[in-house]
Amino acid sequence: METRAKWGTKLGFILAASGSAVGLGNIWKFPYITGHYGGGAFVLVYLACILIVGLPIMIAELMIGHKSQKSPIGGFKALHKSKFWVIAGVIGVVAAFLILSFYSIVAGWSMAYILKAFAGFKGSSEEIVAQFKNLKEDPFLSIMWHTIFMGLSIGIVIKGIQKGIEKWSKILMPGLVLILLGLSIYGIFFTSGGIKAIEFLFKPDFSKLSSEGVLSALGHAFFTLSLGMGAMITYGSYLKKDINIPKAAITISILDTIIALFAGIAIFSIVFEYGGEVASGPGLIFETLPVLFKEIGQFVSVPFFLLLTFAALTSAISLLEVVVSYFIDEKKWSRVKATLLIGGLIYIIGILSAVDEWKLSFMGKDQSFFDIFDFITTNYMLPVAGLLTSIFVAWIINEKIRKEEFDVSNKSKFYLPWKYIIRYITPIAVMIIILHGFGLI
Ligand code: PFF
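Residues numbered from 1 in each chain as written. Predicted model: local features only at pLDDT ≥ 70, side-chain atom pairs only at ≥ 80, totals over all residues. Heavy atoms only, no water.

**A few points about the overall build of the protein chain**
A count of helices and strands for the protein chain gives 18 helices and two strands. The globule rule puts the C-alpha radius of gyration for 441 residues at 22 Å, and the 21 Å found for the protein chain is close to it. With the C-alpha coordinates aligned to their principal axes, the bounding extent of the protein chain is approximately 65 × 50 × 45 Å. Split into buried and exposed, the 441 residues of the protein chain put 59% on the buried side. In the protein chain, of all internal contacts separated by at least 6 residues, the share reaching a separation of at least 24 is 79%. (Helix = DSSP H or I, 4+ residues; strand = E, 2+ residues; numbered from the N terminus. Rg over C-alpha atoms; globule rule 2.2 N^0.38 Å. Buried < 20%, exposed > 50% of the residue type's maximum accessible area, 1.4 Å probe, protein only. Contact = heavy atoms within 4.5 Å.)

Okay, here's the thing in structure tokens:
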């Protein structure tokens, strides 16, 4: 029997898993939702959500992968005889498939903007803002960048765990950290907006926080840590025996959080220095920043879009690996066949999201495939898979397995606190996200 692929080193695993967590969610989405929901108070709630929902579920997912040595669907099958729990794995694999199909479109825009940044942003503010609309609404361009980005992701995953995912995470993640460090230093020390940005992110003003903001923080904690779609189960399944799972999960969550906060500092210091609009939604990165980059120049704009692309690529490969590993484990396909066929299929479905004009009537209005896939996965699929995963690990699997997977030496003082949080607090918090997603609260 073939032995399962393994990470070469613990550092390689930490970089790959943090690479999965740190993505468009950190650099693109976190700053604009923080802006939208009022800054510091939102950040505080978000940090609490990482602690009581994100971290406990990440530990649970890594445990399932590490114990079963299987991809998500096989993982649930291996740890309990009831078929019911496999649903969580199935939802995860389907969600990973759908998410990658539209994630690749935004990643493609980000690559397109590396070139635009190189050339320099020119013209009036309106003209610079219009460039984004032109790109988004041009099916040929969007599909071309989607093709290049999916090609890169497939090229990495086809090489396997050590020679593909781990090798590239070891290159891209340090690159990402260096660029972000440079941009943050620029923001804090070389713009007049640095202090204001730090105040905006860290000085809580609870009068600006809405219940909508709290729910958004909960949902984002899921997405940013790559939970609910089997990514951490899959990456956990390539771990060797000697690993301290809680320690690894804490390291990954801290890295993800710090990187999101630094991205916030870098972006808001530029926004405040040049008087841009804070709560500008998804257009913050592709519309507001380029207008400001016109004043600042290429030495900031080019690294910025490189950063965004690196972040997107290390996340995309984890999404692809979730689906590919299912076909390798359960259908016994070769890695080459699985990566080419599945990557190709995701690429084709992605074309639906690349064409802005193609709309479908969904929940009473005409919406693009991009918006529909995003809505269904983020609001329904991830939280439901996360809820099932937390119940499975907290209540269903054997106590001996749970304890051993948490800490082989059986001495950790964090076991009981974790167990109580994931038994009682995490599922209730996730239930609230789900009910909100269904419009029930
Ligand atoms: N965590 C990624 C981000 O913040 O952009 C998104 C993501 C990647 C979600 C991989 C899920 C996943 F499996």
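More follows now that the structure is in view.
**Comments concerning the pairing of strand β1 (residues 359–362)**
When β1 meets strand β2 (residues 365–368), the two strands line up antiparallel, connected through four bridges. Of the residues in β2, the one forming a bridge with Leu360 is Gln367. Where β1 hands over to β2, the hairpin turn is made up of two residues, of which Met363 adopts a positive phi near 50°. (Pairing = 2+ DSSP bridges.)

**Describing the packing of helix α3 (residues 40–68) against helix α17 (residues 399–406)**
Working note: a packed helix pair is described by the angle between its axes plus the distance between those axes. Contact geometry of α3 with α17 gives a least axis separation of 10 Å together with a crossing angle of 105°. The orientation of α3 relative to α17 falls into the category roughly perpendicular. Together, Ile59, Met63, His66 and Lys67 of α3 and Ile401, Arg402, Glu405 and Phe406 of α17 make up the contact between the two elements. The residue makeup of the contact of α3 with α17, split by class, is four nonpolar, one polar and three charged. (Axes fitted to C-alpha atoms, helices over the stretch in contact; angles between N-to-C directions. Parallel < 35°, antiparallel > 145°, perpendicular 65-115°, else oblique. Nonpolar A, V, L, I, M, F, W, Y, C, P; charged D, E, K, R; others polar.)

**Structural notes on the layout of surface pockets**
Of the voids in this model, the largest pocket is the one considered here, and its volume is about 1000 Å³. Lys29, Tyr32, Ile33, Asp374 and Thr378 are the residues nearest the centre of the largest pocket, which is lined by 38 residues in total. Going through the elements one at a time, α2 (24–36), α5 (86–119), α6 (125–136), α10 (211–224), α15 (335–354), α16 (369–396) and α18 (415–437) are the ones with two or more residues in the lining of the largest pocket. Looking at which element gives the most residues to the lining of the largest pocket, the answer is α2, with seven residues. Of the residues that constitute the lining of the largest pocket, the class distribution is 18 nonpolar, 13 polar and seven charged. (1 Å grid on protein atoms, 1.4 Å probe; cavity = no way out; pocket = protein on both sides within 12 Å on 5 of 7 lines; lining within 4 Å. Points joined across faces, edges and corners; volume = space filled by probe spheres on them.)

**A closer look at a nonpolar patch on the surface**
A cluster of nonpolar side chains, namely Leu51, Ile52, Trp395, Leu416, Tyr420, Tyr424 and Ile425, defines an oily patch on the protein surface of about 690 Å² accessible area. At the level of secondary structure, the elements contributing two or more residues to the nonpolar patch comprise α3 and α18. The element best represented in the nonpolar patch is α18, accounting for four residues. Note on placement: Ile52 falls in helix α3. (Patch = residues over 30% accessible without salt bridge, like charges linked within 9 Å, V, L, I, M, F, W, Y side chains within 5 Å. Areas by Shrake-Rupley, 256 points an atom, 1.4 Å probe, with all protein chains shown as cover. Salt bridge = Lys/Arg side-chain N within 4 Å of Asp/Glu carboxyl O.)

**Details of the nonpolar core**
In this structure, Phe13, Phe286, Phe304 and Phe305 are the most contacted members of the largest nonpolar core, which totals 157 residues. Here this core gets 21 residues from one element, more than from any other, and that element is α5. (Core = buried A, V, L, I, M, F, W, Y, C linked by side-chain atoms within 4.5 Å.)

**Describing the pattern of salt bridges**
Inspection of every chain in the model, using the stated rule, returns nine salt bridges. The network of salt bridges with shared partners includes Glu399, Arg402 and Lys419.

**A word on the side chain of Ser142**
Mapping Ser142 onto the fold places it in helix α7 (residues 139–157). A distance of 3.1 Å separates a polar side-chain atom of Ser142 from the backbone oxygen of Leu135. Residues in contact with Ser142, not counting those within four places in the same chain, are Trp109, Leu135, Lys136 and Ala354. (Polar contact = N/O pair within 3.5 Å; in protein donor to acceptor, adjacent residues only side chain to side chain.)

**Quick look at the site of the ligand**
The full set close to the ligand counts 15 residues, and Ala21, Gly25, Tyr103, Phe223 and Met229 are the nearest of them. A distance of 3.1 Å separates a nitrogen atom of the ligand from a polar atom in the backbone of Thr224. When the ligand is considered free in solution it has 330 Å² of accessible area, and contact with the protein chains removes 100% of it. Because more than half of its atoms lie within 2 Å of the grid, the ligand is assigned to the largest cavity. Counting only elements with at least two residues in the shell around the ligand, the list comes to α1 (10–21), α2, α10 and α14 (298–331). (Near = heavy atom within 4 Å. Sits in = over half its atoms within 2 Å of the grid points.)

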